[in-house]
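Structural overview for review
The residues making up each chain are set out below.
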Amino acid sequence: MKIPGLVEVILRFHDPAWLDELCRAVLCLIGQTHRPLRVLLVTQRFSADALKAVEARLEPYRHIAPDVELDVIAYNRAEGLPDARAALINVGIAAAHGQYLSLLDYDDTLYPNAHALLVGELRASGRAVAYAGIALKSVALEPPLELPLAFACAARAPGDGLMDMFRSSFTPLHGMMLDRTCISADDLKADETLQVMEDYEWQLRLGARYLVSHARIDEIIGDYYYKSDGSNTVPLASNMSAARQRLWDHHQARMERLRLSLVVEPAVQRALGLREPQPGLNIRRLLDGVAQGKITLHPPAYLARRVVPDTNAIGY
Amino acid sequence: MRRTTVWRLFEALMSRLGQHPRLLRLLRAGLWRARHLHISTADRDITELLASPFFDAAWYAARYPRMPRSPKAAAISYLALTGAARDPGPEFDASWYLAQNPDVGLGNPLLHYLRVGRHRLRAPSPAAAERTHLARAQALGVGLPIPSLRLAIGCVGSAENEALDRFMRSARLCTTKAEPAHCEILCATQPDTGNTPALHNRLMSQAARSGASLYIAANSSGIFDPSCIQALLRMSAAQAHRALIAASAFPQENPKSFDMENFDTGWALGDCLLIPLALIQDIGGLDEELEHFWDVDLSWRARQASYSVKNCPPALFHTHHPMAEWLDDAALASAYRLAWLWGHGAAQAEIGAEISRNGGTLPTLTARPPAGRDPQMADFAHGFGFAPARW
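Described below are features of the structure shown in this document.

Cut-offs and rules
- Residues numbered from 1 in each chain as written.
- Chains lettered and ligands numbered in written order.
- Predicted model: local features only at pLDDT ≥ 70, side-chain atom pairs only at ≥ 80, totals over all residues.
- Heavy atoms only, no water.
- Helix = DSSP H or I, 4+ residues; strand = E, 2+ residues; numbered from the N terminus.
- Buried < 20%, exposed > 50% of the residue type's maximum accessible area, 1.4 Å probe, protein only.
- Contact = heavy atoms within 4.5 Å.
- Areas by Shrake-Rupley, 256 points an atom, 1.4 Å probe, with all protein chains shown as cover.
- Buried area = accessible area lost by both parts, 1.4 Å probe.
- Salt bridge = Lys/Arg side-chain N within 4 Å of Asp/Glu carboxyl O.
- Polar contact = N/O pair within 3.5 Å; in protein donor to acceptor, adjacent residues only side chain to side chain.
- Nonpolar A, V, L, I, M, F, W, Y, C, P; charged D, E, K, R; others polar.

Scanning chain B for helices and strands turns up 16 helices and seven strands. Looking at chain B as a whole, 50% of its 391 residues qualify as buried. Long-range pairs, those at least 24 residues apart, make up 74% of the contacts in chain B with a sequence separation of at least 6. If you sum the accessible surface of chain B, you get close to 17800 Å²; carbon and sulfur atoms cover 52% of it.

What follows is the structure, given as structure tokens:
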């Protein structure tokens, strides 16, 4: 039984040293305009003392927004990967019972209308997954103050819709919301063997099997932070090493194998604009077919519904 | 190519260095490595180095024996000959910079710093990093005790019950954490009579009468982060309570720029703004005709009265500012008045034209703006940002 209208956010938290950043994420969540809201904060192998510290820091936010459920789920399984990124998602999903599901990492933020906009899009489109845009903000972290001083902010990463998402990951997970009433529990499970790109694997799999809306992709609903201390998971010039490069190459190859094995459901093919869906068409064949002109996509319906925000520049 | 300045300098250098065969060999090797470098690029690099305070030709020549003494030749030598880890001057630690910034790769560390690093708030040396850190901590009042004084929080705005309840809960929580400061919360939520600046004027008078020395103007639809007021009070104490200090609008911060060391900014956002009441005594209250941009006007007046205007990044105030809302008719009318108040005729005319294009009516103004505002304090060169933007 999924509680209608309830948005649940799985908030992944990996390192107790980053409590200040966690508090920023919690603040942006209790400030969401959508209610009802439940936050599932999943910690990764924290000691009892660290968990106590987390609870103590959360207490003021519980006081400010008593209408938001703020639950801490301690993930303590010793086995598995050291960075249990996918396992944290699965633990959060197991505890969830609402209609809508969203994710946020402790170091990212969402604007106040983010959930309302995504829920609105899921309701309006009837689709299983909705995306909106996430801006890319560069911040310098100044130890020991740990002030995130933002010096640059770019528009979202380039990409318009599902075909672009099949080509590469262009939207961070917090730009996405799922309607769990449309998705089977098995498909929601993240792949716990992945050290990185667990989010992209999830997006690829859901994108191939369920109807996805990118109608609100031009509307920015949050920020992804590129941090100067090299602590981002994604490879950047500032944190790149030979080992990290090998790790990413290995996972890129796994994603490519996934593109070869994931069959794009006929309903998804139709939504993409294939008039005659092809049985057994996998993501790679779809991408290559379109690139080589062997598959024609007719303008998909979601483009007609695309909401272009008012981008009135500051100026007179 | 042989007519270029660089080539002529190179030839002169070669002839003078003829008696130093080892150095000559190294120089040739360096130039050979740089054979693909276009001469115009090299010229640009040299010009950039010579203009930089981090390239000190005299220091460089003294530090590394047998280096040419002319600045330009030293710059050429630094670019073409030296190992990347050589310091170009006393203020730039190349080895440290390379270790801190692996993305420099095989490039020249100083050129990387000048073109990339400084814009990304990276430090040129550990000493500079420490200085910056100390300057920030000092400006923010890190480690200072919270001052024992009377503070009033003025809650103004129109918020539905749930949002107002969140605001009040966050404000009360903040005030308990801000002890020994004695805080009281004053409310004038619309549709109470008057617009935002008028309501704040009324609440500031009330606060002054009850003995408060500081006032926080706050939008009732926001949420104080639990340590927001502590951070504002510490920063105010660090500035001897002679600063207008804005909390950081979170999570969608205003893109206007601010000094990343002392946090000075062109104007302070009014959503959560600490105002010393002595300032209001000095310059008078907020302009009640400015439904929008009253905070911009107040900031410029504060600067003119020798108060500083600052951003306080650790003080978070959750608020929502969709850009479209800034640009409605009321915002244009306020911007028109602001330009008139500050004697910026060209900006006033442009905004007036925009109002007319939108089919609006120009606000009624008296013949002359009130005296006392110095046009040089105002910034109409950056549109409705009223300050340079970071992005």
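All names here are of chain B. With respect to burial, helix α13 (residues 294–304) is a largely interior element, nine of its 11 residues being buried. What α13 keeps buried is the set Trp294, Asp295, Val296, Asp297, Leu298, Ser299, Trp300, Arg301 and Ala302. Just beyond α13, the residue with positive phi is Ser306, at close to 70 degrees.

What follows deals with the interface of chain A and chain B. Contacts between chain A and chain B engage 39 residues on the former and 44 residues on the latter. At the boundary of chain A with chain B, total buried surface from both sides reaches about 3700 Å², with 70% on carbon and sulfur atoms. Across the chain A-chain B interface, the total number found is two salt bridges. The partner of Asp67(A) in a salt bridge is Arg166(B), and the shortest N-O contact between them spans 3.9 Å. Linking chain A with chain B are three residue pairs in polar contact (both at pLDDT 80 or more), by the criterion used here. Elements supplying a minimum of two residues to the side of chain A that touches chain B: α1 (19–30), α2 (48–64), β5 (109–110), β6 (129–142) and β7 (147–154) of chain A. The element best represented in the side of chain A that touches chain B is β7(A), accounting for six residues. Residues of the side of chain A that touches chain B, tallied by class, amount to 25 nonpolar, seven polar and seven charged.

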